[in-house]
Amino acid sequence: MTARPPAPPSLAERPWPLVPRGPLLLVPVGAVEQHGPHLPLTTDTTLAVAVTEGAAQRLQDRRPDEPVLVAPAIAYTASGEHQSFPGTISIGGQALHLMLVELVRSAATWCGRVVFVNAHGGNLRYLSAAVAQLRREQHDVAWVPCGTGSGTGSGHGIVDAHAGFTETSLMLHLAPHQVDMTRAAAGNTASLPELLPAIRTGGVAAVSPSGVLGDPTTATARDGEHLLNGMITEVCALVEGGAVDTDGRLRAPRPAVAPA
């Protein structure tokens with residue numbers, strides 16, 4: 001019989017006496033918003049959880065004496081740019097900011113460091129502001145992106161801002177039963193900088209009636225597995241050795257400059 005892989009270190013499944021002392025707490029941050037006609041509304045949350053759980057397991061395996069826990073995901077966030085599409089649920093930036101601040105203030109009474117793992121671009125402004133405020137309050141907190149929107153590593157050289165090749169490949173790997181490739185079609189493939197002015201004014205619907213920014217038609221589960229592994233590897237590297245910038249984001253440290 002093949003042994004099952006170890007379960008990720010979940011906070012939600014533990015009674016309070018089994019919560020370790022001062023753990024690193026990783027918090028997935030997703031969204032409930034449209035992802036075209038072929039992907040589920042919870043795509044960002046599914047991806048955030050998968051990356052966070054994968055990173056937590058690797059970190060725990062590498063350093064078993066340093067406890068890591070994965071918090072329940074934050075699913076309702078800031079998705080106003082998708083509000084024209086039925087099913088989208090957004091709580092807005094102010095509510096998200098307050099929730100993130102109060103979450104860390106509460107968790108800080110029993111955990112050590114807190115790192116948010118974010119999979120939705122619409123959260124960035126509010127996540128950065130909340131984490132910066134918390135750091136001014138002397139909390140040990142930072143955030144890191146999942147990097148699902150860039151298409152990096154796809155090898156397809158296409159714009160992939162939303163519900164395109166990358167996210168569709170990841171979902172084909174993680175939850176294929178939730179993906180309807182018979183409804184997958186290319187959306188607006190202009191670059192995101194070109195689209196942003198219109199999106200800020202009229203939301204994603206102003207530039208893509210389907211809600212897709214990119215082309216999901218060539219996505220595969222194999223590509224999704226490769227992309228997920230790369231995302232987990234990057235998050236682990238940043239959590240272990242990243243430097244926190246002024247927005248509270250973990251970034252790869254700059255290489256030391258050799259003396260002249």
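Predicted model, so just to flag it, every value in this text is computed and none were measured. In this numbering scheme, every chain counts its residues from 1 along its sequence in written order. The predicted nature of this model means local features are confined to residues of pLDDT at least 70 and side-chain atom pairs, given and counted, to a pLDDT of 80 or more, with totals for whole chains, interfaces and linings taken over all residues. The basis for every side-chain value is the complete set of non-hydrogen atoms in the structure, without hydrogens or water.

Student: What is the right way to look at the environment of glutamate 33 in this model?
Tutor: Put simply, DSSP H or I for four residues or longer makes a helix, DSSP E for two residues or longer makes a strand, and each gets a number counted from the N terminus. With respect to the helices and strands, glutamate 33 occurs in the loop between strand S1 (24-29) and helix H1 (43-62). Throughout, exposure labels follow a simple rule: accessible area from a 1.4 Å probe, protein chains only, divided by the maximum for the residue type, with under 20% read as buried, over 50% as exposed, and the rest as partly exposed. With a relative accessible area of 0%, glutamate 33 lands in the buried category. C-alpha of glutamate 33 to C-alpha of serine 90: the two residues are 57 residues apart in sequence and 7.8 Å apart in space. Contact definition: two residues touch when any of their heavy atoms are within 4.5 Å. Once you skip the residues sitting within four places of it in the chain, glutamate 33 turns out to touch Pro40, Leu41, Asp44, Ser79, His82, Thr88, His120 and His162. Polar contacts here mean pairs of N or O atoms no more than 3.5 Å apart (in protein, one a potential hydrogen donor and the other a potential acceptor; neighbouring residues in sequence count only if both atoms are side-chain atoms). At 2.7 Å, the side chain of glutamate 33 forms a polar contact with the side chain of serine 79. Of the polar contacts made by the side chain of glutamate 33, one reaches the side chain of histidine 120; its length is 3.2 Å.

Student: How do you make sense of the nonpolar core when you look at a structure like this?
Tutor: Looking at soluble globular proteins, one finds that nonpolar side chains tend to be buried together. By nonpolar core is meant a set of buried Ala, Val, Leu, Ile, Met, Phe, Trp, Tyr and Cys residues that side-chain atoms within 4.5 Å join together. If you look at the biggest cluster of nonpolar residues, it comprises 36 residues, and the most contacted ones within it are Leu24, Leu26, Val51, Leu59, Val115 and Val239. Residue assignment for this core shows that the elements contributing at least two residues are S1, H1, strand S2 (68-70), strand S3 (114-118), strand S4 (141-145), helix H4 (165-174) and helix H6 (221-241). Looking at this core, the element that brings in the most residues is H6, giving eight residues. Apart from residues lying up to four places away in sequence, valine 239 is in contact with Leu24, Leu59, Arg113, Val115 and Leu250.

Student: Just to check I follow, could you spell out the side chain of serine 128 for this structure?
Tutor: In this fold, serine 128 is placed in helix H3 (residues 124-136). By relative accessible area, serine 128 is classed as buried at 11%. Sequence-distant contacts of serine 128, defined by excluding residues within four places in its chain, comprise Trp143 and Asp247.

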